[in-house]
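One-letter residues, chain by chain:
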Amino acid sequence: MEEPLLRIEGLRTHFFTSEGVLKAVDGVDLSVPAGKTVCLVGESGCGKSVTARSILQLVDKPGRIVGGSIRWNGATELATLDPAGEELRRVRGGEIGMIFQEPMASLSPMYTVGAQLSQALRLHRDLTKQEAREEGVALLRKVGIPNAEQRYDTYPFQLSGGMCQRVMIAIALCCDPALLIADEPTTALDVTTQARILDLMMDLRAQNDMAILFITHDLGVVAEVADEVAVMYLGRIVEHGTVEQIFSDPRHPYTRALLRSIPELRGSGARRRLTAIRGMVPSLRQVPAGCSFHTRCDHAVEGLCEVTPPPLRKYGEAHVASCHLDEVPAAPAAPAAPVLQVTERVAAETAAEPLLRVEGLAKHYPIGGGLFRKPSGVVRAVDGVDLTILPGQTVGLVGESGCGKTTLGRCVARLADPTAGRILYRTEQGDEVDLATVTGARLKDFRRQIRVIFQDPFSSLNPRMTLQQIVGEPLRTHGIASGGELRDRVADMLTRVGLRPEYMQRYPHAFSGGQRQRVNIARALITGPRLVVADEPVSALDVSVRAQILNLLTDLQEELGLTYLFISHDLSVVEHISDRVTVMYLGKVVEDADTADLYRQPRHPYTEALMHAVPVPDPARRRERHAFEIADDLPDPAAPPPGCRFHTRCAHVRAELCRTDVPELREYGERRSAACHHAAGLTLAGVGSVAREPQVDGRMAGRDA
Amino acid sequence: MKDDTLAVASQWKLVWWGFKRHRVALVCGFVTVAIYLVAVFAPFLAPGSGQKTNADYTYAPPQALHFDWDTGLYVNPYTFKQDPETLALSFEADESKKAPVGFFVKGEPYDLLGFIPWDRHLFGPENPDGPPMYLLGTDSVGRDLLSRIIRGTTVSMSIGLVGVLLSLVLGVVLGGVSGYVGGRTDTLIQRVIEIIMSIPTIPLWMALFAAVPASWSQLERYFALTVVISLVGWTGMAREVRGKFFAVRGEEYVMAATADGAGRLRIMFRHMLPSFTSHIIANLSLSIPTVILAETALSFIGLGLQTPMISWGVLLQEAQNIRAVSTAPWMLIPGVAVVVTVLAMNFFGDGLRDAADPYKH
Amino acid sequence: MLRYIGRRVLILIPTLAAISIVTFVVIQLPPGDYLTTLTAQRASQGDGVPTGEIARLTERYGLDKPVIVQYWQWISAILFHGDFGESFDYARPVSALLAERLPLTIALSLVTLVFIWAVSFPIGVYSAIRQYSVGDYTFTFFGYLGLAVPNFLIALVLMWVGLQFFDLNAGGILSPEYRDAPWSLAKLGDLAAHLWIPIVIWGTAGTAGNIRVLRANLLDELRKPYVVAARARGMPERKMTIMYPVRVAMNPFFSTIGWVLPGLIAADAITSKVLNLQTTGPLMLRALLAQDMYLAGAILLISAVLVVLGTLVSDIALGWLDPRVRLRY
């Protein structure tokens, strides 16, 4: 095999902290061939970013490369270059470009994007100021920035995240690098923007004949872009192969588990249990001995896996994995893992009276204004929304960030006071109460029945209170229980959400993100609510933990007969948990339908675009969505476009009607509606019902239904 | 096991663990506590009241403390020498005599803690009627500087504490209202703070204090001084409290408390306040030195406290003109007390502030 | 940018009005009004105040009218005639007294500002970049020391050291022999020899504070992703540091404009007095002790107004420097 562009061998990058040495990267072998895209995947904390940063010696103190070699172009040894030296600087930016997770923060707010771009150009190329400007504008155009000439003189904070990432790409490309390192470049972006940025990167790669080292935690993205895939776990590469090998014939149990735990857009509409990996990624302070994955592996062989680190084993050309399983003579019998049932839920009784009806709900926020000043405008975060939730159902609420879904959820829970509209809630006695007007003690009473699960597992738990205080707080404020009874109830609830009751006296800082989210759920459910508003409850979690939490939510719903309003930006998650889905855009509902109907055939162009922007974790189906792209700039919510709010980005926009008339939310067929002038005439593409069930080879069969 | 203790560690434990790691701050913390102990037990610790004048010993220089096995600790008494031409008096140590220094000696009577009458002092000349002991020299009327500095600690340190506590009350109430209510109330309070802040602090103190009638008693002046200092000083505290309120208000756990059905007061005191009490304490410990410096400056120029009350600022008044300083440089020693105290409290406060939020990462 | 400045200026008006009211209250605080103080003082000197004079002053300050009218007469005289009233202690118009002393005060303030910037900027940057180095610790310690020692104490010690060991009279701004001499190179040299002392003394506290803020800010900025990004595109470390993080961290420097100037006009009266400088500070001190309130009030008012104007200048400078400030208004 010819020498690859970049060859990393035995790389070890350690962090020397006061609590000991953290081996973030501990013996990584990886190579990137010229012109190929190599994806480095793994959950957070597994060392992917540190690996990427080590290549250009960008690891911050107290981190240090302590061993291994990084050969660049077969000649230069990057690991031992002087970090401040001329040679390394020439490679940085000149031969290897890099882009980062937070595009906005990666640009200095003090200079225009043009200044930063031209500076990068002039660092490595001998250009005059004027030439640099021309070149810079050309680059901005090349990365798909409209009005490049004007955007050249804007500041980063005047651009959207997607635009900033394009600028970052332009800067990275300014010297035609042979390799682009992309460190989670789309994680902070909306799904529609992500799709556009991925396409752009793939196009540029083809044009420039450039290699890409792409770091991500999202297997959908991997399937979309990768030629080769390296899976990382706790500072080591556990499996490496071509994208086809990894997706169709994964060898390492971690890879397989990851693949199974991703919720996938299927278009079947049926709710299905996900397979989660148990436990969580251990802390770097306590890396398990032997195979570091054995603590979470269902196939761990006692006396072997926790003792001896597994060797790399070849499974075909360029396909290696480090696992002991193939050394064990006879394949163990199907593991004890239970065969899980697909919980095909019967759609809730349509005849039932709705638990909640939202009518014409609006929430406007003033902007600006002070003691003597009038507000300079108003953001219509929610602008006339109707929504119906039947008892026992899960209604998914989706849309890009800034569409008003969180605000709507907060209005329903009365954590925000609606500006207009009614929130009709059916009490247990069967009469409807308008929550929008309830105050004082009555409102407090309803706060027992409608509970919220918050998004951020860190900010939502008061770090200064113990679990008992946090989970018991609603019992106390409502005077439901105190003392020993409160303790018993909290213990019982903790058990139900999968936490040990002994943890009651612990503080949140002792728990990981997934565990904290369980606490969050416990707090929401302890009052025995009827309606639960779950606001992005899994978006801050790792893939494997996300599956655990989604399953927990489903189980608890069955057990306690809960009704969920499930808010998420992730269409695949929503499909897995919802009976009905409502799509929001700029404060308005654009489509509302049963899950299966919506995914099979959307009625609104926005739904279609959103759906096709989700990367599919199947390399065979990549690039299908090129046709459904929409512009990646959400209009300013303070000044939404006239007519149909979506017309500025719509691929199906026709005639003047869309630009001038606001489309009403109209019924189309049974129990579904859409707000599009042309909904009846359009045939929009849903997600193929050819949904692929994950391939599982013989040994691990039985893990999946 | 270690992880388990960490898991159930409350905020204060974490703050303490974090603080312990700043070794300089820890040492300075002990120094601060020691200085406050001196302030409380000053009458006992000082060899004298510091009020006794002695016309024979004006501007007597500091004595050295000696030790030998026969007498134990002792000082050489002064002898006088008069310059035949200028007739100026100068002091010298008489090495032929020894005036023993003892512990728990009888001396001037005082009330310990204000109500326990006693006459023992930690140390002093064993013979109260023998030659005097002036370890740090005397002032223009022959008062013992060491006693005066120790006695001055009480006023200087307490003025810092009282002044800061007053501004704490004002600052927390107004800052809290500003931060929690928000809106117009907030804007109004902020404007007032801005205006107060735009008037330079020390001149404003001076101007306000200049209005205090000369006829007021020492105690009244003392309280007037603390009120004046806190009237100006609460603004910083109010801003801090408001800022914290705003920061905490955005946390999801506060919204969660609303969703839990907690009332306004409960949210404020149970959920929000604990998250910045440690910051307030750190802030307090950083404002005390500022107040001590302010008192020193005001008293120094004669706008603050006045004799017979003793504070470090009052003591420095005597060092106001360069002639006094050059004849008796030891008159600057109270300044050393100020600097050491302020330095220790600043290091201590900074360490506390760094440790105040154990959940930063 | 113009809109931004315009808005800032508009906000000034109510603030200035409020400040003038506070000052007026301070003037009124001491028991008795101007006339009683004056009469008492003259009486103690053994002579009375002529009736005509009493009538003139009553009319001038509106002493027989309600407080609001008194305020108006006071402030309008200042606004329209530059008349701050009369100092009974010096028996001269306040404005004349100020005119004598303001130039030196302002000159000293500006030089001090330059001194603070020149010293604290390199040290602050050094301390942040070489965090936890010996140099950093040394500067940090001296920073704490600078904040802990009252300025007047430094002045005293310096003067004592000068007198004791160098036989140098460090007080004043000129040695006695030059006081009335015509300007010459030698006189200028003597001036410089004296001036550095107050500048260094005033500079210490400001420098120490500035170093601390700059160091903390720069440490924050150095951890921002854009620093890594700039490094990743091959920028030389020194150029990158100065261009990106230092530029953001510099913001607090501009806020020093706001307080250095007015601070010296009145705040460091004590040091000026110790050093025997002919600035406005000792003037105010003496006025306060003598309850010569129109003089004291004038100085207080001027320094407060200067704070406000200084803040405006630093806001504008900040807007000019920082596009985030400029473009968000």
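Nothing here was measured: the structure is a model prediction, and the numbers come from that model. (Residues numbered from 1 in each chain as written. Chains lettered and ligands numbered in written order. Predicted model: local features only at pLDDT ≥ 70, side-chain atom pairs only at ≥ 80, totals over all residues. Heavy atoms only, no water.)

Draft legend 1. Structural context of the overall build of chain B. Per the secondary structure count, chain B includes 14 helices and six strands. With respect to the three principal axes, the spread of C-alpha positions in chain B is 85 × 60 × 35 Å. The proportion of buried residues among the 361 residues of chain B is 52%. The contacts of chain B with a sequence gap of at least 6 include a subset with a gap of at least 24, amounting to 67%. As presented, chain B carries roughly 16,200 Å² of accessible surface, and 65% of it is formed by carbon and sulfur atoms. Where the 27 positive side-chain charges of chain B centre and where its 29 negative ones centre are 11 Å apart. (Helix = DSSP H or I, 4+ residues; strand = E, 2+ residues; numbered from the N terminus. Buried < 20%, exposed > 50% of the residue type's maximum accessible area, 1.4 Å probe, protein only. Contact = heavy atoms within 4.5 Å. Areas by Shrake-Rupley, 256 points an atom, 1.4 Å probe, with all protein chains shown as cover. Lys, Arg positive; Asp, Glu negative; His and termini not counted. Charge placed at Lys NZ, Arg CZ, Asp CG, Glu CD.)

Draft legend 2. The interface of chain A and chain C, seen in detail. If you look at the interface, chain A gives 29 residues, while chain C gives 23 residues. When chain A packs against chain C, close to 2,400 Å² is buried across both sides, 64% of that on carbon and sulfur atoms. When the area that chain A buries against chain C is broken down by residue, the three leading residues are M110, Y111 and Q119 of chain A, summing to 27%. Across the contact surface, chain A and chain C share one salt bridge. For R231 of chain C, the salt bridge is made with D60 of chain A, and the minimal N-O distance between the two is 3.8 Å. Elements with a minimum of two residues in the side of chain A that touches chain C: strand 6 (96–99), helix 3 (113–124) and helix 6 (161–173) of chain A. Among the residues making up the side of chain A that touches chain C, the classes are represented as 16 nonpolar, seven polar and six charged. (Buried area = accessible area lost by both parts, 1.4 Å probe. Salt bridge = Lys/Arg side-chain N within 4 Å of Asp/Glu carboxyl O. Nonpolar A, V, L, I, M, F, W, Y, C, P; charged D, E, K, R; others polar.)

Draft legend 3. Just the domain arrangement of chain B, in detail. Residues and elements named next belong to chain B. Each domain of chain B was delimited in the assignment, giving domain 1 (6–40 + 150–355) and domain 2 (57–136). Distance between the C-alpha centres of domain 1 and domain 2: 38 Å. In this complex, domain 1 contributes seven residues to the contact, which on the side of domain 2 involves seven residues. The junction of domain 1 with domain 2 conceals about 610 Å² of combined surface from both sides, 73% of it contributed by carbon and sulfur atoms. When the area that domain 1 buries against domain 2 is broken down by residue, the three leading residues are V40, W330 and I333, summing to 63%. (Domains from an automatic or database assignment.)

Draft legend 4. Geometry of the nonpolar core. In this structure, W74 and L288 of chain C are the most contacted members of the largest nonpolar core, which totals 139 residues. In this structure L288 of chain C touches M206, A207, A210 and L303 of chain B together with M293 and A296 of chain C, once residues within four positions along its chain are discounted. With 105 residues, the next largest nonpolar core counts A79, I96, F100 and I237 of chain A among its residues. (Core = buried A, V, L, I, M, F, W, Y, C linked by side-chain atoms within 4.5 Å.)

Draft legend 5. How the structure looks around the sheet that holds strand 6 (residues 116–125) of chain B. Residues and elements named next belong to chain B. The strand order 1-2-5-6 describes an open sheet built from four strands, whose pairing is antiparallel. In this open sheet, the two strands that pair with only one neighbour each are strand 1 (66–68) and strand 6. Put simply, the sheet's adjacent strands are angled 45° from each other on average, direction ignored. Two elements, strand 5 (residues 99–112) and strand 6, share eight bridges in a ladder whose sense is antiparallel. (Pairing = 2+ DSSP bridges. Axes fitted to C-alpha atoms, helices over the stretch in contact; angles between N-to-C directions.)

Draft legend 6. Layout of the pattern of salt bridges. One pass over the structure, following the stated rule, counts 51 salt bridges over all chains. Note that R242 of chain B is salt-bridged to D186 of chain B, the shortest N-O span being 2.6 Å. Highlighted residues: R242 of chain B in helix 8 (residues 218–249) and D186 of chain B in helix 6 (residues 183–198), separated in sequence by 56 residues. Accessibility expressed as a relative area gives 7% for D186 of chain B, which makes it buried. Here K224 of chain C ties to E221 of chain C by a salt bridge, and the two come within 3.0 Å at their closest N and O atoms. You can call E221 of chain C buried: its relative accessible area is 10%.

Draft legend 7. Here's a closer look at a nonpolar patch on the surface. Residue and element names in this part refer to chain B. Taken together, V33, L37, V40, F41, L113, F115 and I116 make up a surface patch of nonpolar side chains, about 630 Å² in accessible area. In terms of residue count, helix 3 (residues 23–40) provides more of the nonpolar patch than any other element does, three residues in total. Along the chain, V33 turns up in helix 3. (Patch = residues over 30% accessible without salt bridge, like charges linked within 9 Å, V, L, I, M, F, W, Y side chains within 5 Å.)

Draft legend 8. The arrangement of helix 10 (residues 237–249) of chain C in detail. In helix 10 of chain C, a bend of some 30° at M243 of chain C exceeds every other bend along the element, and P245 of chain C, a proline, comes one to four places later. Where helix 10 of chain C is concerned, the buried positions are M240, T241, Y244, P245, V246, V248 and A249 of chain C. (Bend = angle between axes of the 7 residues up to and from the residue.)

Draft legend 9. Region of the structure containing the interface of chain B and chain C. The partner chain C presents 41 residues to the 37 residues of chain B that form the contact. Between chain B and chain C, roughly 3,400 Å² of surface is buried when both sides are summed, and carbon and sulfur atoms account for 82% of that area. Put simply, chain B and chain C have one salt bridge between them. For the pair chain B and chain C, the interface holds two residue pairs in polar contact (both at pLDDT 80 or more). Of all the elements in the fold, those that place two or more residues in the side of chain B that touches chain C are helix 6, helix 7 (201–210), helix 11 (277–300), helix 13 (322–327) and helix 14 (333–355) of chain B. Of all the elements, helix 14 of chain B adds the most residues to the side of chain B that touches chain C, at nine residues. (Polar contact = N/O pair within 3.5 Å; in protein donor to acceptor, adjacent residues only side chain to side chain.)

Draft legend 10. Up close: the sheet that holds strand 23 (residues 666–667) of chain A. Residue and element names in this part refer to chain A. In space, the eight strands of this open sheet follow the order 18-19-20-15-21-22-24-23, with mixed pairing throughout. If you trace the sheet from one side to the other, it starts and ends with strand 18 (450–453) and strand 23, each paired once. Bridge count between strand 18 and strand 19 (residues 531–535): four bridges; the pairing is parallel. Counterpart to R451 in the pairing with strand 19 is V532. Lying over the sheet, helix 11 (residues 405–412) contacts strand 15 (394–398), strand 18, strand 19, strand 20 (563–568) and strand 21 (580–585), oriented at roughly 155° with respect to strand 20. Its contacts with the sheet place helix 12 (residues 440–449) against strand 18 and strand 19, and it is angled at close to 60° to strand 18.

Draft legend 11. Representation of the pairing of strand 19 of chain A. Residues and elements named next belong to chain A. In terms of burial, strand 19 is largely enclosed, as five of its five residues are buried. Burial along strand 19 is two-sided: L531, V533 and D535 facing one way and V532 and A534 facing the other are all buried. As paired strands, strand 19 and strand 20 are joined by five bridges and run parallel to one another. Across the sheet, residue V532 finds its bridge partner in strand 20, namely Y564. Taken together, strand 19, helix 16 (residues 543–560) and strand 20 constitute a β-α-β crossover, and its handedness is right-handed. (Right-handed = clockwise from strand over helix to strand, strands pointing away.)

Draft legend 12. Quick look at the environment of V307 of chain C. Mapped onto the elements of the fold, V307 of chain C is located in helix 14 (residues 293–321). With 50 residues separating them along the chain, V307 of chain C and I257 of chain C place their C-alpha atoms 8.7 Å apart.

Draft legend 13. Geometry of the side chain of D68 of chain B. Tracing the backbone through its elements, the reader meets D68 of chain B in strand 1. Sequence-distant contacts of D68 of chain B, defined by excluding residues within four places in its chain, comprise Y74 and K98 of chain B.

Draft legend 14. Region of interest: the UniProt feature "transmembrane region" (unreviewed entry) in chain B. All names here are of chain B. If you check UniProt for "transmembrane region" (unreviewed entry), the listed places come out as residues 24–46, 159–183, 195–216, 222–239, 273–292 and 328–348 in our numbering. Along residues 24–46, the helical share is 91% and the strand share 0%, with 28 Å between the first and last C-alpha atoms. Between the end C-alpha atoms of residues 273–292 the distance is 28 Å, and the span holds 80% helix and 0% strand. (UniProt positions renumbered as here; feature names shortened; annotations may be inferred.)

Draft legend 15. Structural view of the packing of aromatic side chains. Residues and elements named next belong to chain A. For the structure shown, the criterion picks out 28 aromatic pairs over all chains. Centroid distance Y585 to Y606: 4.5 Å. Interplanar angle 55°. Geometry classified as tilted. Taken as a pair, Y585 in strand 21 and Y606 in helix 19 (residues 605–613) lie far apart in primary sequence, 21 residues in all. Just as Y585 is buried, Y606 falls in that class too. (Phe/Tyr/Trp six-rings, centres within 6.5 Å; stacked < 30°, edge-to-face > 60°.)

Draft legend 16. Inspection of helix 1 (residues 48–55) of chain A at higher detail. All names here are of chain A. Within helix 1, six of the eight residues are buried, leaving the element largely enclosed by the surrounding structure. Along helix 1, the positions that sit buried rather than exposed are K48, V50, T51, A52, S54 and I55. A positive phi of about 55° marks Q57, the residue just after helix 1.

Draft legend 17. Representation of the pairing of strand 6 of chain A. Residue and element names in this part refer to chain A. Burial of the side chains of strand 6 extends over both faces: I96 and M98 are buried on one face and G97 and I99 on the other. Relative to strand 7 (residues 179–183), strand 6 runs parallel, the two being bridged by four bridges. Its bridge partner being in strand 7, I99 is matched across the sheet by A182.

Draft legend 18. How the structure looks around unusual backbone geometry. Residues and elements named next belong to chain A. Omega for the bond connecting K61 with P62 falls within 30 degrees of zero, at 0°, which places this linkage in the cis form. If you trace the backbone, P62 turns up in the loop between helix 1 and strand 4 (63–72). Residues other than glycine seldom take positive phi values, yet Q57 does so here, at roughly 55°. Relative to the helices and strands, Q57 resides in the loop between helix 1 and strand 4. For Q57, a relative accessible area of 15% puts it in the buried group. Unusually for a residue other than glycine, E184 sits at a positive phi of about 50°.

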